[in-house]
Amino acid sequence: MSLSNRRLEGSFETGLRLAGLAQSFLRMSGFVGMIVIGACGSSEPVLIDGSSQQAFEKSAQAARRDIPDADRLIFDRAIRSISGRRHANRDPQALARLTFDGMTAEQVVADQEARE
């Protein structure tokens, strides 16, 4: 075998190895991309937890992130204006926990818009 044929054979083998590495990389990056997209698109809306004041505040903040900026003002107004719904209630925080327990931020916004 001549020297030029050996060089061609070596460069061909190198090319095949590089092509195999490129395919492996593309498969891996596609797999990672599918995981990232799947994780982003499949999240359930956060439910507000009224079991305690701390759980309520934490879950309400997380639920608030689920809605668009324009709806966040309505959500905030709903959470703050709960004491006006029942004047006899002396603990507005407990009333808010009871009222919004198990609701999503979208449900809170829809409820507030219905009341306005």
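The model shown is predicted, which means the values in this text are computed figures rather than measured ones.

Colleague: Summarise the overall build of the protein chain; cite the residues concerned and give the values.
Modeller: When helices and strands are tallied, the protein chain shows 5 helices and 0 strands. Considering only residue pairs separated by 6 or more positions, the protein chain has 54% of its internal contacts joining residues 24 or more positions apart. Carbon and sulfur atoms make up 58% of the accessible area of the protein chain, which amounts to about 8,600 Å² in all.

Colleague: So what's going on with helix α5 (residues 105-115)? Residues and values would help.
Modeller: Those residues of α5 not exposed but buried are Ala105, Val108, Val109 and Gln112. Along the long axis of α5, the arc covered by the buried residues comes to 100 degrees, so they all point the same way. In α5, those exposed residues whose orientation departs by more than 90 degrees from the buried face are Glu106 and Ala114.

Colleague: Can you explain the packing of helix α2 (residues 53-64) against helix α3 (residues 69-80)? Please cite residues and give values.
Modeller: Orientation of α2 relative to α3, taken along the N-to-C sense of each, is 160 degrees, at an axis distance of 11 Å. Considering the angle they form, α2 stands roughly antiparallel to α3. Judged by the sense of rotation from one axis to the other, the crossing of α2 with α3 is right-handed. In this structure, α2 contributes Phe56, Ala60 and Arg64 to the contact, and α3 contributes Arg72, Phe75, Asp76 and Ile79. Tallied by class, the residues present in the contact of α2 with α3 amount to 4 nonpolar, no polar and 3 charged.

Colleague: Could you give an account of the environment of Ala63, naming the residues involved and the relevant values?
Modeller: Secondary-structure assignment places Ala63 in helix α2. The spatial distance from the C-alpha of Ala63 to the C-alpha of Phe75 is 9.7 Å, given a sequence separation of 12 residues. Aside from chain neighbours lying at most four places away, what touches Ala63 is Val46, Ile48 and Ala105.

Colleague: How would you sum up the environment of Ala94? Please name residues and give values.
Modeller: Within the fold, Ala94 resides in helix α4 (residues 92-100). When the C-alpha positions of Ala94 and Gly50 are compared, they lie 8.2 Å apart, and in sequence the two are 44 residues distant.

Calculation rules
- Residues numbered from 1 in each chain as written.
- Predicted model: local features only at pLDDT ≥ 70, side-chain atom pairs only at ≥ 80, totals over all residues.
- Heavy atoms only, no water.
- Helix = DSSP H or I, 4+ residues; strand = E, 2+ residues; numbered from the N terminus.
- Contact = heavy atoms within 4.5 Å.
- Areas by Shrake-Rupley, 256 points an atom, 1.4 Å probe, with all protein chains shown as cover.
- Buried < 20%, exposed > 50% of the residue type's maximum accessible area, 1.4 Å probe, protein only.
- Arc of directions from axis to C-beta.
- Axes fitted to C-alpha atoms, helices over the stretch in contact; angles between N-to-C directions.
- Parallel < 35°, antiparallel > 145°, perpendicular 65-115°, else oblique.
- Left-handed = near helix turned anticlockwise from the far one by under 90°.
- Nonpolar A, V, L, I, M, F, W, Y, C, P; charged D, E, K, R; others polar.

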